[in-house]
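Summary of the model geometry
If you want the building blocks of each chain, they are given just below.
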Amino acid sequence: RYADCVILLLPQLEAGLRLLFTTTNKCPNRLLTAEPSALYTTFDEMLAKRLDNEVNQLPAVLEEPAMASEFIWDFLNHQEGPRIRDRLSHGEINLEAFPRQVANQIVAFAITLLCRFSDEDMFAFKEHMVIKPLMNCASCYRSRFHPISRLKKQVLECMKSILLWPELPTVPEEHIQTIKGLEGNAEASALILMISEILSQLQQYMPQDCCSSDDPIDSVLTERLLTELCDTRICTLYSPRPVLEILVVLRKISTQCHQVSEQVIAGTELRYKQWMNKTLRSRQRHNYLRMLNSVKFLSPVLQLILVLITLELVNVHLVCKKNPFDYQQYLKFLKSVLQYTENLVTYTSPEKNKWDETMELTNKALIKIRKVSDRKLMLMQL
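Residues numbered from 1 in each chain as written. Predicted model: local features only at pLDDT ≥ 70, side-chain atom pairs only at ≥ 80, totals over all residues. Heavy atoms only, no water.

**Focus on the overall build of the chain**
- Counting secondary structure elements, the chain contains 16 helices and 2 strands.
- The dimensions of the chain, computed from C-alpha atoms along their principal axes, are 80 × 50 × 45 Å.
- By the burial criterion, 46% of the 382 residues in the chain qualify as buried.
- Long-range pairs, those at least 24 residues apart, make up 75% of the contacts in the chain with a sequence separation of at least 6.
- As presented, the chain carries roughly 20700 Å² of accessible surface, and 53% of it is formed by carbon and sulfur atoms.
- With 45 positive and 44 negative side-chain charges, the chain shows a spacing of 5 Å between the two charge centroids. (Helix = DSSP H or I, 4+ residues; strand = E, 2+ residues; numbered from the N terminus. Buried < 20%, exposed > 50% of the residue type's maximum accessible area, 1.4 Å probe, protein only. Contact = heavy atoms within 4.5 Å. Areas by Shrake-Rupley, 256 points an atom, 1.4 Å probe, with all protein chains shown as cover. Lys, Arg positive; Asp, Glu negative; His and termini not counted. Charge placed at Lys NZ, Arg CZ, Asp CG, Glu CD.)

**Digging into the environment of M378**
- Secondary-structure assignment places M378 in the segment after α16 (355-374).
- Of the residues examined, M378 reaches a relative accessible area of 0% and is grouped as buried.
- The spatial distance from the C-alpha of M378 to the C-alpha of V319 is 9.1 Å, given a sequence separation of 59 residues.
- The contacts of M378, once residues within four sequence positions are left out, are L308, E312, Y330, F333, I369, V372 and S373.

**A look at the packing of aromatic side chains**
- Following the criterion strictly, the structure yields 4 aromatic pairs and no others.
- A ring pair is formed by W275 and Y288, whose centres lie 5.7 Å apart and whose planes are at 55°; its orientation type is tilted. One end of the pair, W275, is in helix α13 (residues 241-276); the other, Y288, is in helix α14 (residues 282-314), and 13 residues separate them in sequence.
- Classification of Y288 as buried rests on a relative accessible area of 1%. (Phe/Tyr/Trp six-rings, centres within 6.5 Å; stacked < 30°, edge-to-face > 60°.)

**Quick look at the pattern of salt bridges**
- Scanning the model with the defined rule gives 11 salt bridges in all.
- Between R251 and E80 there is a salt bridge, and its shortest N-O distance comes to 2.5 Å. You can see R251 sitting in helix α13 and its partner E80 sitting in the loop between α4 (69-77) and α5 (84-89), a full 171 residues away along the chain.
- Ionic pairing is found between E197 and R370, a salt bridge with its closest N-O pair at 3.1 Å. Separated by 173 residues along the polypeptide, E197 in helix α11 (residues 185-202) and R370 in helix α16 bring together distant segments of the chain.
- The exposure class assigned to R370 is partly exposed, which follows from its relative accessible area of 28%.
- Beyond isolated ion pairs, a larger network of salt bridges with shared partners links E14, R18 and R85. (Salt bridge = Lys/Arg side-chain N within 4 Å of Asp/Glu carboxyl O.)

**Focus on the packing of α14 against α16**
- Orientation of α14 relative to α16, taken along the N-to-C sense of each, is 25°, at an axis distance of 9 Å. With respect to their mutual orientation, α14 and α16 come out roughly parallel. Of the two elements, α14 crosses α16, and the hand of that crossing is left-handed. Between α14, through N287, R290, M291, N293, S294, F297, L298, V301, L304 and L308, and α16, the contact on the second element is made entirely by W355, D356, T358, M359, T362, L366 and I369. (Axes fitted to C-alpha atoms, helices over the stretch in contact; angles between N-to-C directions. Parallel < 35°, antiparallel > 145°, perpendicular 65-115°, else oblique. Left-handed = near helix turned anticlockwise from the far one by under 90°.)

**Some remarks on the packing of α13 against helix α15 (residues 324-347)**
- Taken N-terminus to C-terminus, the directions of α13 and α15 make an angle of 20°; their axes are 8 Å apart at the nearest point. As judged from the angle between their axes, α13 and α15 are roughly parallel. Relative to α15, α13 is oriented so that their crossing is left-handed. Judged by residue contacts, P242, E245, I246, V249, L250, K252, I253, Q256, C257, Q259, V260 and Q263 of α13 engage Y327, Y330, L331, L334, K335, V337, L338, T341, E342, L344 and V345 from α15.

**Regarding unusual backbone geometry**
- With a phi close to 45°, R83 is a non-glycine residue in the positive phi region.
- Within the secondary structure layout, R83 lies in the loop between α4 and α5.
- Of note, K376 is a non-glycine position whose phi angle comes to about 55°, a positive value.
- Given a relative accessible area of 46%, K376 falls into the partly exposed group.

**Quick look at the environment of K352**
- Along the chain, K352 turns up in the loop between α15 and α16.
- Setting aside anything within four residues of it in sequence, one finds K352 in contact with T346 and Y347.

**Notes on the domain arrangement of the chain**
- Split by domain assignment, the chain resolves into domain 1 (2-139) and domain 2 (147-375).
- On a C-alpha basis, the centroid separation for the pair domain 1 and domain 2 is 41 Å.
- Residue-level contacts link 10 residues of domain 1 with 6 residues of domain 2.
- Contact between domain 1 and domain 2 buries roughly 730 Å² in total, counting both sides, with carbon and sulfur atoms accounting for 53%.
- It is K49, E70 and E80 that lose the most area in domain 1 upon contact with domain 2, and together they represent 59% of the buried surface on that side.
- Scanning the region where domain 1 abuts domain 2 turns up 2 salt bridges.
- Take the side of domain 1 that touches domain 2: its biggest share by element is 3 residues, from α4.
- Class assignment of the residues belonging to the side of domain 1 that touches domain 2 gives a composition of 6 nonpolar, 1 polar and 3 charged. (Domains from an automatic or database assignment. Buried area = accessible area lost by both parts, 1.4 Å probe. Nonpolar A, V, L, I, M, F, W, Y, C, P; charged D, E, K, R; others polar.)

Right under this line is the structure:
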């Protein structure tokens, strides 16, 4: 009866936090249960940054907001989180299928709060072989459902998809040589060179153990770099509106990159089977080879964009230092990158298959990225 457990526990948890909130902020009048004639203090108010034009003292008293505030935001408030209280109170959850894991998390959170703020001597209890690891785990909790955390997950999943590309089946070289009039190798090489130059410029903002002066587009190093950057702790509490606006655009860019990667994987596997079965018409064969040629620069450019948005993510709070004009210019640049990735999704789709156009599109996007980098307009450069 996991749902029953949480239904009983959440009001107790809310009442306990409300008592802590009113005591901490010295506002005993806010310790009010639900009355027909007056509003009472909700989780939203308890978690707010300010209270009646003064700083809310609850996060400071909790000492480790990661343990309490971030956990509460994750499980109760964030739109992409489980929003347990909302869904239970509005009957949106099948009580018989309520997840045991969620109940375990809520119970564990209640225990850690009890250990932290009980008036009784809890030392022996805290040192118990079950409770001590629980307290240690709670003290280093990181948000799972804040847009920052979701973007980190998206980036790593996209990179994992791109790493599958080298394993994709390709046409034997002797088959390719039978097709005359295939052009674009020089253009693809030029794009890869430009990508290398941009990545070399950005290396000063990266952890040095993840950089290579010999090959800036080393996919193994790129994965290590993204993993290390995504492991960086970034404040998620009270994110200002400009930060949230930037995160929305960065997440959309990441989503489009992942879509391109998945389309390339599906298209390559399908066309290879058709090639080997000799079911492709002449025009389709040429188009397939153009796709293989485009893959040579699409993988590096997607890796570049992932590195770019992850470096910007790590420095996302610096966006608040930009004046309104610079902020709008920066937002315009990110939206242009988004537009590029959206166009890539369209051109690499099975319906379009416009592989030559991806080359021209990529060239324009790289020129814009290099120009912004040269002018040091990115957050990592502030």
